Amino acid sequence: MSNEINLDLKKPLDKMTSKELKQLAMDKIPQITGASGMDKESLLSAIKEVLGITEEEGSAKKAYQDQIKSIKQTIKELQAKKLDLPKKEKQAREALRKKIHSLKKRTRRLSAH
């Protein structure tokens, strides 16, 4: 009774985008249902669970994930504030754009750890 799934991956699961993970789950892992509606983290954990992969560095990575979620929430709030500003207020819009850009860079750095 072998449940082994052969996946020829070009890159590690952690480095795949959510779109790639969804496609992988829909095409090659029929055990995962509702993959198209899952976010990256839940999809990644579901795939690892099906494949029997355990998290070695779980707690350290989880701390970064919480921080990243917090930063992304801040980014969404700033984007909404930027959209509410009138087009005439170019300096304020530019300041928000720069803040959003720096926060996005920060999330990328944190996710690389």
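For clarity, every value in this text was computed on a predicted model and none was experimentally measured.

S.K.: Outline the overall build of the protein chain, listing residues and values.
M.R.: Helices and strands together make up the secondary structure of the protein chain, namely four helices and zero strands. In the protein chain, the succession of helices and strands from N to C terminus is α-α-α-α. A buried classification covers 23% of the 113 residues belonging to the protein chain. When contacts within the protein chain are restricted to residue pairs at least 6 apart in sequence, long-range pairs at least 24 apart make up 42% of them. Carbon and sulfur atoms make up 51% of the accessible area of the protein chain, which totals about 8,600 Å².

S.K.: Account for the pattern of salt bridges, with residues named and values stated.
M.R.: All told, the structure shown has one salt bridge when counted by the stated rule. Of the charged contacts in the structure, one is a salt bridge between R97 and E94, with a shortest N-O distance of 2.7 Å. In this pair, R97 and E94 are both assigned in helix α4 (residues 90–111), three residues apart and thus about one turn of the helix distant.

S.K.: Tell me about the nonpolar core, and name the residues and values.
M.R.: Across soluble globular proteins, nonpolar side chains show a tendency to be buried alongside one another. Listed in full, the 12 residues of the largest apolar core are L13, M16, L21, L24, A25, I29, I32, A35, L43, L44, A46 and I47. Those elements that provide at least two residues to this core are α1 (18–28) and α2 (40–51). Ranked by the residues each element gives to this core, the list is headed by α2, at four residues. Apart from the residues lying within four places of it in its own chain, the contact partners of A25 are P30, I32, A35, L43 and I47. With nine residues, the next largest nonpolar core counts I75, L78, L96 and L103 among its residues.

S.K.: Give a description of a positive patch on the surface that names residues and reports values.
M.R.: Residues K99, K104, K105, R106, R108 and R109 make up a contiguous surface patch of positive charge. On the secondary structure map, K99 appears in helix α4.

S.K.: Account for α2, naming residues and giving values.
M.R.: Because each turn of an α-helix spans 3.6 residues, side chains separated by three or four positions end up pointing in the same direction. Compared with the 16 Å implied by 1.5 Å per residue over 12 residues, the 16 Å span of α2 between its first and last C-alpha is a close match. When we look at burial in α2, the residues that qualify are L43, L44, A46, I47 and K48. Contacts from the buried residues of α2 go to α1.

S.K.: So, the environment of L51: which residues are in play, and what are the values?
M.R.: Assignment of secondary structure puts L51 in helix α2. L51 sits 22 residues away from I29 along the chain, and the two C-alpha atoms are 9.2 Å apart.

S.K.: Any chance you could break down α1 for me, citing the residues and the numbers?
M.R.: Among all positions of α1, only L21, L24 and A25 are buried. Each buried residue of α1 lies within a common arc of 95° when the element is viewed along its axis, so the set occupies one face. What points out from α1, more than 90 degrees from its buried face, is the exposed set K19 and D27. Where α1 is buried, its residues touch α2.

Procedures and definitions
- Residues numbered from 1 in each chain as written.
- Predicted model: local features only at pLDDT ≥ 70, side-chain atom pairs only at ≥ 80, totals over all residues.
- Heavy atoms only, no water.
- Helix = DSSP H or I, 4+ residues; strand = E, 2+ residues; numbered from the N terminus.
- Buried < 20%, exposed > 50% of the residue type's maximum accessible area, 1.4 Å probe, protein only.
- Contact = heavy atoms within 4.5 Å.
- Areas by Shrake-Rupley, 256 points an atom, 1.4 Å probe, with all protein chains shown as cover.
- Salt bridge = Lys/Arg side-chain N within 4 Å of Asp/Glu carboxyl O.
- Core = buried A, V, L, I, M, F, W, Y, C linked by side-chain atoms within 4.5 Å.
- Patch = residues over 30% accessible without salt bridge, like charges linked within 9 Å, V, L, I, M, F, W, Y side chains within 5 Å.
- Lys, Arg positive; Asp, Glu negative; His and termini not counted.
- Charge placed at Lys NZ, Arg CZ, Asp CG, Glu CD.
- Expected span 1.5 Å × (residues − 1).
- Arc of directions from axis to C-beta.

Geometric descriptors of this kind do not, in isolation, establish any biological role.
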